[in-house]
Amino acid sequence: MATAVVLRDLARRLGAELHGDGDCLIDSVATLHNASSGAISFLANPHYRKLLADTAASAVILSREALDDCPVPALVVDNPYAVYARAAALLNPAPPWSGGVHPSAVVEPGSHVHETAWVGPQSVIEDGAVIGEHVYVGPGCLVGRDAVLGESTRLTARVTICHGVRIGRRVIVNPGAVIGSDGFGLANDDGRWLKVPQLGSVLVGDDVEVGANTTVDRGALDDTVLEEGVKLDNLIQVAHNVFIGAHTAVAGCVGISGSARIGRHCMIAGGVGIVGHLQITDNVVITGMSMVTKSITEPGVYSSGLAAQPGDQFNRNYARFRRLDDIARRLQRLERRQKSEDQ
Amino acid sequence: MATAVVLRDLARRLGAELHGDGDCLIDSVATLHNASSGAISFLANPHYRKLLADTAASAVILSREALDDCPVPALVVDNPYAVYARAAALLNPAPPWSGGVHPSAVVEPGSHVHETAWVGPQSVIEDGAVIGEHVYVGPGCLVGRDAVLGESTRLTARVTICHGVRIGRRVIVNPGAVIGSDGFGLANDDGRWLKVPQLGSVLVGDDVEVGANTTVDRGALDDTVLEEGVKLDNLIQVAHNVFIGAHTAVAGCVGISGSARIGRHCMIAGGVGIVGHLQITDNVVITGMSMVTKSITEPGVYSSGLAAQPGDQFNRNYARFRRLDDIARRLQRLERRQKSEDQ
Amino acid sequence: MATAVVLRDLARRLGAELHGDGDCLIDSVATLHNASSGAISFLANPHYRKLLADTAASAVILSREALDDCPVPALVVDNPYAVYARAAALLNPAPPWSGGVHPSAVVEPGSHVHETAWVGPQSVIEDGAVIGEHVYVGPGCLVGRDAVLGESTRLTARVTICHGVRIGRRVIVNPGAVIGSDGFGLANDDGRWLKVPQLGSVLVGDDVEVGANTTVDRGALDDTVLEEGVKLDNLIQVAHNVFIGAHTAVAGCVGISGSARIGRHCMIAGGVGIVGHLQITDNVVITGMSMVTKSITEPGVYSSGLAAQPGDQFNRNYARFRRLDDIARRLQRLERRQKSEDQ
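Residues numbered from 1 in each chain as written. Chains lettered and ligands numbered in written order. Predicted model: local features only at pLDDT ≥ 70, side-chain atom pairs only at ≥ 80, totals over all residues. Heavy atoms only, no water.

1. A word on the overall build of chain A
Convention followed: Helix numbering and strand numbering both begin at the N terminus, where a helix is a DSSP run of H or I of at least 4 residues and a strand a DSSP run of E of at least 2. Here the radius of gyration uses the C-alpha set of atoms, whereas the globule reference equals 2.2 Å times the residue count to the power 0.38. Residue exposure (1.4 Å probe, protein chains only): buried if accessible area is under 20% of the type maximum, exposed if over 50%, otherwise partly exposed. In this description, contact between two residues means that some pair of their heavy atoms is separated by no more than 4.5 Å. Residue burial considers only the protein chains on display, and all accessible areas are found by Shrake-Rupley using a 1.4 Å probe. Note on charges: Lys and Arg go in the positive column, Asp and Glu in the negative column, and His and the chain ends are not counted at all. Here the site of a charge means NZ on Lys, CZ on Arg, CG on Asp, or CD on Glu.
When you go through chain A residue by residue, the secondary structure sums to four helices and 40 strands. In terms of overall size, chain A is more extended than a compact globule, its C-alpha atoms giving a radius of gyration of 26 Å where 343 residues would be expected to give roughly 20 Å. In terms of overall dimensions, chain A has C-alpha extents of about 85 × 65 × 35 Å along its principal axes. Within chain A, the fraction of its 343 residues that count as buried is 57%. Intrachain contacts of chain A at a sequence separation of at least 6 include 18% that bridge at least 24 residues. Put simply, chain A shows about 13300 Å² of open surface, and 49% of that area lies on carbon and sulfur atoms. The average position of the 30 basic charges and that of the 37 acidic charges among the side chains of chain A differ by 10 Å.

2. So, the interface of chain B and chain A
Interface size, as often reported, equals the accessible area lost upon joining of the parts. Formally: Buried area is a sum: the accessible area each of two parts loses on coming together, probed at 1.4 Å, counted once for each and added. Salt bridge, as used here: a side-chain nitrogen of Lys or Arg that lies within 4 Å of a carboxyl oxygen of Asp or Glu. In the analysis that follows, any N or O atom pair within 3.5 Å is treated as a polar contact, provided that within protein one partner can donate a hydrogen and the other can accept it, and provided that, for residues neighboring in sequence, both atoms belong to side chains.
Across the boundary between the two partners, chain B contributes 70 residues, which contact 71 residues of chain A. Of the roughly 5700 Å² buried between chain B and chain A on both sides combined, carbon and sulfur atoms contribute 60%. Run the count over chain B and chain A and you get five salt bridges. Of the charged contacts in the structure, one is a salt bridge between Glu335 of chain B and Arg330 of chain A, with a shortest N-O distance of 2.7 Å. At the junction of chain B with chain A, the criterion picks out 29 residue pairs in polar contact (both at pLDDT 80 or more). Counting residues per element, the ones that place at least two in the side of chain B that touches chain A are helix 2 (80–91), strand 28 (231–232), strand 31 (249–250), strand 40 (309–310), helix 3 (311–321) and helix 4 (324–342) of chain B.

3. So, the nonpolar core
Residue and element names in this part refer to chain B. Quick note on the threshold: To define a nonpolar core, start from buried Ala, Val, Leu, Ile, Met, Phe, Trp, Tyr and Cys residues and group those joined through side-chain atoms within 4.5 Å.
One finds Ile179, Leu232 and Ile274 to be the most contacted residues of the largest nonpolar core, which totals 52 residues. For this core, the secondary structure elements donating two or more residues are strand 24 (202–204) and strand 37 (284–286). What Ile179 contacts, discounting residues up to four positions off in sequence, is Thr160, Ile161, Cys162, Val165, Ile167, Val173, Val202, Val204, Val210 and Val216.

4. So, the interface of chain C and chain A
With 72 residues of chain C at the contact, the number on the chain A side is 70 residues. Of the roughly 5800 Å² buried between chain C and chain A, counting both surfaces, carbon and sulfur atoms make up 60%. Its largest share of buried area at the contact with chain A, chain C owes to Phe184, Trp193 and Arg320 of chain C, together 12% of the area lost on that side. On the surface where chain C and chain A come into contact, there are five salt bridges. The residue Lys195 of chain C makes a salt bridge to Glu209 of chain A at a minimum N-O spacing of 2.9 Å. Counting the contacts that link chain C with chain A gives 29 residue pairs in polar contact (both at pLDDT 80 or more). Breaking the side of chain C that touches chain A down by element, the ones donating at least two residues are strand 21 (178–181), strand 22 (186–189), strand 23 (192–195), strand 26 (215–217), strand 38 (291–292), strand 39 (300–303), helix 3 (311–321) and helix 4 (324–342) of chain C.

5. Notes on the pairing of strand 22 (residues 186–189) of chain B
Residue and element names in this part refer to chain B. We count it as follows: At least two bridges found by DSSP between two strands is the condition for calling them paired.
Of the pairings in the sheet, the one linking strand 22 to strand 23 (residues 192–195) comprises four bridges and is antiparallel in character. Each residue of the ladder has a partner; that of Ala187, found in strand 23, is Leu194. The hairpin turn running from strand 22 into strand 23, its antiparallel successor, is two residues long, and Asp190 in that turn takes a positive phi close to 60°.

6. Concerning the sheet that holds strand 6 (residues 59–62) of chain C
Residue and element names in this part refer to chain C. A sheet is described by the order of its strands in space; here five strands give the open sequence 2-7-6-5-4, paired in mixed fashion. Each edge of the open sheet carries a strand with a single partner, namely strand 2 (17–19) and strand 4 (28–29). In this structure, strand 4 lies alongside strand 5 (residues 39–42), joined through two bridges in parallel fashion. Within the sheet, the bridge partner assigned to Ser28 lies in strand 5 and is Ala39.

7. Things to note about the relation of the copies chain C and chain A
As a reminder, the rule being used: Copies are brought into register by a least-squares superposition over C-alpha atoms of residues with pLDDT of at least 70 in both.
Expressed as a screw transformation, the operator carrying chain C onto chain A has a rotation angle of 120° and an axial translation of 0.0 Å, and the superposed copies differ by an RMSD of 0.0 Å. A rotation of that kind, with that shift, is consistent with a three-fold axis.

8. Details of unusual backbone geometry
Non-glycine residue Asp207 of chain A carries a positive phi angle of around 60°. Within the secondary structure layout, Asp207 of chain A lies in the loop between strand 24 (202–204) and strand 25 (209–210). What makes Asp207 of chain A partly exposed here is its relative accessible area of 26%. The backbone phi angle of Cys253 of chain C is positive, close to 65°, even though this residue is not glycine. Mapping Cys253 of chain C onto the fold places it in the loop between strand 31 (249–250) and strand 32 (255–256).

9. Details of the packing of aromatic side chains
This is how the line gets drawn: Any two of the Phe, Tyr and Trp rings considered here, Trp counted by its six-membered ring, make a pair once their centres fall within 6.5 Å; the pair's planes then place it as stacked at under 30 degrees, edge-to-face at over 60, or tilted in between.
Summed over all chains, the structure comprises 24 aromatic pairs over all chains. Centroid distance Phe314 of chain B to Phe321 of chain C: 5.7 Å. Interplanar angle 50°. Geometry classified as tilted. With one member in each of two chains, Phe314 of chain B in helix 3 and Phe321 of chain C in helix 3 form a pair that bridges those chains. For Phe314 of chain B, a relative accessible area of 1% translates into the label buried.

10. Concerning the packing of helix 4 (residues 324–342) of chain A against helix 4 of chain B
So the rule is basically this: As a rule, the C-alpha atoms of each element are fitted with a line to give its axis, helices using only the stretch in contact, and angles between N-to-C directions run from 0 to 180 degrees. Should an angle fall under 35 degrees it is taken as roughly parallel, and over 145 as roughly antiparallel, whereas 65 to 115 is taken as roughly perpendicular and any remaining angle as oblique. The handedness criterion is simple: a crossing whose near helix is rotated anticlockwise from the far helix by less than a right angle is left-handed, and one whose near helix is rotated clockwise is right-handed. The classification used treats Ala, Val, Leu, Ile, Met, Phe, Trp, Tyr, Cys and Pro as nonpolar, Asp, Glu, Lys and Arg as charged, and all other residues, Gly among them, as polar.
One can describe the packing of helix 4 of chain A onto helix 4 of chain B by two numbers: an axis separation of 11 Å at closest approach and a directional angle of 40°. Comparing their axes, helix 4 of chain B and helix 4 of chain A come out oblique. The interaxial crossing formed by helix 4 of chain A with helix 4 of chain B has left-handed handedness. Seen from helix 4 of chain A, the contacting residues are Leu324, Ile327, Arg330, Leu331, Leu334, Arg337 and Glu341 of chain A; seen from helix 4 of chain B, they are Leu324, Ala328, Leu331, Gln332, Leu334, Glu335, Gln338, Glu341 and Asp342 of chain B. Among the residues forming the contact of helix 4 of chain A with helix 4 of chain B, the class breakdown is eight nonpolar, two polar and six charged.

11. With respect to the pattern of salt bridges
One pass over the structure, following the stated rule, counts 51 salt bridges over all chains. Between Arg49 of chain B and Asp69 of chain B there is a salt bridge, with the nearest N and O atoms lying 2.7 Å from each other. Here Asp69 of chain B lies in the loop between strand 6 (59–62) and strand 7 (74–76) and Arg49 of chain B lies in the loop between strand 5 (39–42) and strand 6, a separation of 20 residues in the sequence. A single salt-bridge network, built from bridges that share partners, covers Arg316 and Arg320 of chain A together with Asp325 and Arg329 of chain B.

12. Some words on the environment of Val210 of chain A
All names here are of chain A. Looking at the secondary structure, you find Val210 in strand 25. The class for Val210 is buried, based on a relative accessible area of 0%. Between the C-alpha atoms of Val210 and Asn317, which are 107 residues apart in sequence, the distance is 39 Å. Non-local contacts of Val210, meaning those with residues more than four positions away in its chain, are made with Ile172, Val173, Asn174, Ala177, Ile179, Leu226 and Leu232.

13. Topic: empty space enclosed by the protein
Selection criterion: Cavities and pockets are defined on a 1 Å grid built over the protein atoms alone: a cavity is a set of grid points where a 1.4 Å probe fits but cannot escape, while a pocket is an open set with protein on both sides within 12 Å along at least five of seven lines, and lining residues are those with an atom within 4 Å of any such point. Grid points are joined across faces, edges and corners, and a volume is the space filled by probe spheres set on the points.
Under the criterion given, the structure shown has seven cavities of 30 Å³ or more. Roughly 210 Å³ of internal volume is contained in the largest cavity. What lines the largest cavity is a set of 21 residues, and nearest its centre among them are Gly140 of chain A, Gln122 and Gly140 of chain B together with Gln122 and Gly140 of chain C. What lines the second largest cavity is a set of 13 residues, among which Asp182, Gly183 and Phe184 of chain A together with Asn174 and Glu209 of chain B lie closest to the centre. Each residue belonging to the lining of the second largest cavity can be placed in one class, and the counts come to three nonpolar, five polar and five charged.

14. Focus: the side chain of Ser63 of chain A
Its location among the elements puts Ser63 of chain A in the loop between strand 6 (59–62) and strand 7 (74–76). In this structure, Ser63 of chain A is in contact with Val76, Val77 and Pro80 of chain A, ignoring residues within four places of it in sequence.

15. Description of the confidence of the model for chain A
Low-pLDDT portions of the prediction should not be read for the details of their coordinates. Convention followed: For every residue, the predictor assigns a confidence score, pLDDT, that lies between 0 and 100.
Considering every residue of chain A, the mean pLDDT works out to 96; 99% of them sit at 70 or more. Among the prediction metrics, the complex's ipTM stands at 0.96, with pTM recorded as 0.97.

16. Some details on the side chain of His102 of chain C
Here His102 of chain C lies in the loop between strand 8 (100–101) and strand 9 (106–107). Non-local contacts of His102 of chain C, meaning those with residues more than four positions away in its chain, are made with Val106 of chain B together with Trp118, Val119, Gly120 and Pro121 of chain C.

17. Here we look at the sheet that holds strand 6 of chain B
All names here are of chain B. Read from one edge to the other, the open sheet built from five strands follows the order 2-7-6-5-4, with strand pairing classed as mixed. At either margin of the open sheet sits one strand with a lone partner, and together these are strand 2 (17–19) and strand 4 (28–29). For strand 2 and strand 7, the ladder comprises three bridges, and the chain directions are antiparallel. Directly across from His19, in strand 7, lies its bridge partner Ala74.

18. Let's talk about the environment of Cys253 of chain C
Expressed as a C-alpha distance, the spacing of Cys253 of chain C and Gly120 of chain C, which sit 133 residues apart in the sequence, is 29 Å. Among residues more than four places away in sequence, those in contact with Cys253 of chain C are Gln237, Val254 and Gly255 of chain B together with Asn234, Leu235, Ile236, Gly271 and Val272 of chain C.

19. Some points on the packing of helix 1 (residues 7–14) of chain B against helix 2 of chain B
All names here are of chain B. Packing of helix 1 against helix 2 brings their axes to within 11 Å, and their N-to-C directions diverge by 120°. Judged by the angle between their axes, helix 1 and helix 2 are oblique. Relative to helix 2, helix 1 is oriented so that their crossing is right-handed. Residues Leu10, Arg13 and Leu14 of helix 1 form the contact with helix 2, whose own contacting residues are Val83, Arg86, Ala87 and Leu90. Looking at the contact of helix 1 with helix 2 residue by residue, the classes come out as five nonpolar, no polar and two charged.

Here is the structure:
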């Protein structure tokens, strides 16, 4: 699928400062270590600077500090990784497709599919759904009744968008993801659980990405909201009425309980659990496998995930933990004794 | 989809005591805060009692204690949240559908689909499967050979029911859920893993709900069992031969290992892990992200999930934890010394 | 589906030493406790040896030590559980199927499906895909463009194999699994996340099994790799560029972050999290719900998962943990004081 560009043109399109011969043809991206002729590479982590000397790349995207060590043509930029991302996209455009509906798809008559949109094989577009311009609905997807997909959104394959969900522009939803399933709303009625109808929906902003097999539940009464630029990795559970602020990134296997409100520009690492009905302010980082049980009002890093030790050491330590309150009390006793001796 | 009911009739149908004008028309449910005219709201959590004064709801479901603060017509009941759930269901009936098979569905000739059941687009009903009365099989589902779906069960969309699984009445299975996939049965054979055939099935009782992308494995020899009224949230893993007792609720991202036996009326919070081959008695609550490693024989609350702290504090504490056995020994040494001084 | 075999023949086919009457007919497998006439059972765990006396099984697979306690015909072998697995497979062959394409499947003209392979209802085989000999593609699967499935591989149902993924021989992929979705590659560009194109693929070796709703992401530039014999349970997240060595088994709900390299013959228990860009050597065991944050260079057992206690005990202990650094400092103070008294 890769295309080819002269380095000089690439520099211009990326807004980069060209150093060295601009005439070579670039047709691919690669790591410094694995690059061969025709590839452009990048140096984002100074740790790998020593790899510049031996790279076989035809050019490298890097920051000004690293320029002197680069034996091949270079594109100097402020943020090499972001510019690399743009170069990679430019050199590897998505396979071409055109508007239309695959004959095996089921498009119900009350729906509206824009003529520039594609509806792939075995997909189902229910009554009242609206599929915008240049939307790509891959194979085996479901777009439920009255759901809306904004311009240039992409359901890669086997995605479920439930009824009434509204999705913005340039959103990517990966295979197996489910957006708008019923939230876990239960009322206890004499020991039995009664289902509480889930009457809200999900509102997904522009430029959101949702990972494979991730689930985002519809709200109970109001909507679950993913603001613009939110990025969700795979196998994440977002419960009903959660709000995730713009440009927050959430790694795999995270669970976010009902009505939690997460700020903007947060980073939530893998395996984190977030309790319901709390608020997390902007610019908060939660490290791996931590559990957030209270609102966080100050930006910063928060943790409770334990790092593995050799099992016998860990078991000895944890055996002590199970009596830590007792240990603390005994320490206090010794301290009081000491104090009384001092008087 | 909402329907409308006169408040007096609603009171009668819900078995509630009407206070105030029973003639107003109710057409929706809403929170106290967001309600507008025509909506009925509810007060379940006394914390929100102060919102009664300013609500624009046409009526409120509440308990007797709160009646005096309610400026609008009220339905007095013992369990406002459960009655709200019933009111919400009554006012928001599921969209109507009738029996039949969508032309794009594949219904194998050896299966039996009741004439009142619906089989949606792109679904597959395999040989020997039995689809009961008023069952709704949404788009893109698979019902494997010899599987049985009881009366009024609902597979919302893109659900996988594997061969031979038996599902009760009024069960709801949400999108992407997989019931009856092979358990993780492996025999080590000189360092290689040999697959152990998974010959049991899954038995799902009446009124169970299974969340989106949740997986329930079939038994190795005997069956995996979800008793009646079990409620499973999204992204839960239920391994082979697990037994979950009636009316137990399990929140998202929980993993339950093979042959664990969980009692009735338990509540298992998000992210919990349960080790295999143990038993948990009835009425046990496991808090978020805990790991259950031994049988629990007494009802009550059990925990091992850690709450997040600011990262640098946590790291300092955890560094000490990693030497906690040493700390405890040093404390014992001081205590012994103290004791010997005392003698 | 079960077939029937004379015990003498079964012994021969399993390479087992027959003790007792070899003429009885065996038509099923069962546990010692639930077996009835015609069933062969097994004793793998010495703990259950006492069940031999009362078993109604027609024969038992066991090791030499247990032979004296066995009142029925026996097959003596070194590894009873592995031999049981083989017997169970032999007595319960998969339902027969023959090559072909279901009329509802979509097989794009540029793909190649071997004449002995089966493509089930509602499946999609995209352009350039290659489906090998005796491959079984169950209902509702997607095999993306240029993906390759090796001989005798089985996609059970509703599996997603993304473009360009290469899968070996005798691989089993369970329902809802997604192999080759985009990795979570993001470049921060002034507070917004830019998608980094994911240009690598996934390489899956022979005899791998992938569990239901598990996700394996494609590499960013190089490939994500599952070596031969790797076994993944359900709801596991394998991020981009992860490498898992041969014959490693991973239990449910595990998350493995990008570029982690895991050795051969490892066992990773449920709910474990593994941080990215680290290496784990061969023959490592990680116990349940642990988090691996650093490379592991020595074989052995590693842990950080906490076992649940009664909630009030746990809360008291954890309250102390939150001040553990302070506790340790106070202990040091007492020790120093003690020491100065000693001098």
